[in-house]
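Summary of structural features
Each chain, letter by letter, is given below.
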Amino acid sequence: MSEVKFFYGDAVPLEMHKVRIVQKLNLLPIEQRQEAMEKAGYNTFLLQNPDVFMDMLTDSGVNAMSDKQQAAMMQADDSYAGSETFTRLDEKVREIFDTEYFLPLHQGRACENLLSKLFVKPDTIVPMNYHFTTSKAHIVINGGKVEEIFIDEALKINSEHPFKGNMDIDKLKALIAINGAEKISYVRMEAGTNLIGGQPFSLENLQEVRQVCDDHGLMIVLDASLLADNLYFIKEREEQCKEMTIKEITRAISNLCDITYFSARKLGNGRGGGICTNNKEAYMKIRELIPLYEGFLTYGGMSVREMEAITVGLEETMDENMINQAPQFIAYMTNELQKRGVPVITPPGGLGCHLDASAFLDHLPQTKYPAGALAAALYIASGIRGMERGTLSEQRDEDGIEELAHMELVRLAMPRRVFTLSQIKYAIDRITWLYENRRLIGGLKFVEEPNVLRFFFGTLTTDSNWPDALVDKYRQDLGKVCNLFC
Ligand SMILES: *Cc1c(COP(=O)(O)O)cnc(C)c1O
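Residues numbered from 1 in each chain as written. Predicted model: local features only at pLDDT ≥ 70, side-chain atom pairs only at ≥ 80, totals over all residues. Heavy atoms only, no water.

An unreviewed UniProt entry lists the protein chain under the name Tryptophanase, from Anaerobacillus arseniciselenatis. For the protein chain, the Cofactor (unreviewed entry) comment in UniProt is given as "pyridoxal 5'-phosphate". Checking UniProt for the protein chain, the heading Sequence similarities (unreviewed entry) contains the comment "Belongs to the beta-eliminating lyase family." (UniProt positions renumbered as here; feature names shortened; annotations may be inferred.)

Working note: non-glycine residues mostly have negative phi, and peptide bonds are mostly trans. Look at the link from Thr-346 to Pro-347: it is a cis peptide, with omega at -5°. Tracing the sequence through the fold places Pro-347 in the loop between α13 (325–339) and β9 (352–356). The phi angle at Asp-98 is positive, at roughly 55°, despite the residue not being glycine. Along the chain, the position of Asp-98 falls in the loop between α3 (84–97) and β2 (101–105). Phi is positive for Asp-123, close to 65°, though the residue is something other than glycine. Exposure remark for Asp-123: the relative accessible area of 56% places this residue in the exposed category. (Helix = DSSP H or I, 4+ residues; strand = E, 2+ residues; numbered from the N terminus. Buried < 20%, exposed > 50% of the residue type's maximum accessible area, 1.4 Å probe, protein only.)

This brings us to the pattern of salt bridges. A full pass over the atoms with the stated rule returns 33 salt bridges. Taking the shortest distance from any N to any O, the salt bridge between Asp-59 and Arg-416 comes out at 3.0 Å. Remark: Arg-416 occurs in the loop between β12 (409–413) and α16 (421–436) and Asp-59 occurs in the loop between β1 (54–55) and α2 (67–73); sequence separation between them is 357 residues. A single burial state applies to Asp-59 and to Arg-416, both of which are buried. Between Lys-368 and Asp-463 there is a salt bridge, with its nearest N and O atoms 2.8 Å apart. Linking Lys-368 in the loop between α14 (357–360) and α15 (370–382) with Asp-463 in the loop between β14 (459–462) and α18 (466–478), this pair joins segments that are 95 residues apart in sequence. (Salt bridge = Lys/Arg side-chain N within 4 Å of Asp/Glu carboxyl O.)

Once that is clear, we can look at the site of the ligand. Taken together, 14 residues form the shell around the ligand, and within it Gln-107, Arg-109, Asp-223, Ser-263 and Lys-266 come nearest. Between the ligand and the protein, one listed contact pairs an oxygen atom with a side-chain N or O atom of Gln-107 at 2.8 Å. Between Gly-108 and the ligand, the recorded distance is 2.9 Å, taken from a backbone N or O atom to an oxygen atom. When the ligand sits alone it has 380 Å² of accessible area, and the protein chains cover 98% of it. Counting residues per element, the shell around the ligand draws most heavily on helix α4 (residues 108–119), at 3 residues. Here the shell around the ligand is composed, by residue class, of 2 nonpolar, 6 polar and 6 charged. (Near = heavy atom within 4 Å. Polar contact = N/O pair within 3.5 Å; in protein donor to acceptor, adjacent residues only side chain to side chain. Areas by Shrake-Rupley, 256 points an atom, 1.4 Å probe, with all protein chains shown as cover. Nonpolar A, V, L, I, M, F, W, Y, C, P; charged D, E, K, R; others polar.)

A separate point is the UniProt feature "modified residue: N6-(pyridoxal phosphate)lysine" (unreviewed entry) in the protein chain. The residues that UniProt annotates with the feature "modified residue: N6-(pyridoxal phosphate)lysine" (unreviewed entry) are Lys-266. Looking at the secondary structure, you find Lys-266 in the loop between β7 (259–263) and β8 (273–277). In contact with Lys-266, not counting residues within four places along its chain, are Asp-59, Ser-60, Asn-63, Asn-194, Ser-225 and Leu-226. (Contact = heavy atoms within 4.5 Å.)

Structure (structure tokens):
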């Protein structure tokens, strides 16, 4: 997709690929969607895929693959050790990130598990631009503490700041001054900050973080899972990178970090993960744990077919015309919703379009999980599955007290090259309808609440029979039976 000029009418994002394999979708009638949501305990993670029309839960492992990725999967070299497939992946990762060493792991959180086990000691701190659910859980389980030192602009729902994912350098310095560098395990930078709307950091900011870390002998660990979007935004928005290729920007970022890890469910459009570094000592320490937790060093828990797909996918990620597809679709959706008055996070980021549930449902307190309620209501009204990214995605503190999230968001992920523009228009239509009927939406409460990462499996119920009211209104406004049997 490129920025092609249109002669008649508004410019729309134009796909630079064609669809050659399709998967049939179901759109259930709203009454059945209501039933499915109730059965899923008002948790969109627990819905069954045949009940879902547009799956915007995540971009993890569900991006469309290219013909070249599929072709590469057919040539995988299946051997436990010494696999040629691994050699190809190893060479590609080290080329792209410009590092000496690469270790394969089965997905992003597996990298977080080993890195936290090795480098997070009890009562140490991990400063970061923003946390991600699994990153934080692994740090906390190893006795560490997460300190988020984002810039003030990061939590503003509407902003023009091009790099809301930046770390606040003064806060980093102050944190080190107060606690001492020896109390800090490492500094974590997350590309395309997942939980605050897929917002990027700038290369300049990373250069500044590097300076501070050098002054205090601290390591930078980069979470590159959402690097593709971040690369696109840097190329678009950062003066010093205008003339650089995507690969040059990738290497410049990697060279500023001591350890880079990624989920290849996102980066590389496959299913897997890995850690790369130039630090031999760190490499040796991590390497020891791979056969224990992941698998032998030439597959790390991944299938050889997926490794082939990742190798090709990583190379394709270096193509600006490939990585701009999702951000441009997200910008289209966000801008159209904003025109209709729906509260969304701006500027549009990567990963997905983010609804601001606090403003959308400003009649609900955070303890009634407005983002969870909105995700449930949206599924009922549209068959679209989004993800709660608010208080439900946090966990209670040691005393059992709710940790209220900074933001209550419903994330509508944009799996790369999966949806067409008319499907996005359907989503915009139903979200707008829901916004006009937002007062009908009530809160949620837990029925069964797991202690760790409760948003995955927890089940909830409504605090009134608001879903009935929503379905009644939908029938009044959209008729008994529409063309699509919905
Ligand atoms: C998805 C994600 C992870 C975890 O990766 P998995 O492959 O799902 O385990 C870590 N960090 C960020 C920023 C992510 O988006």
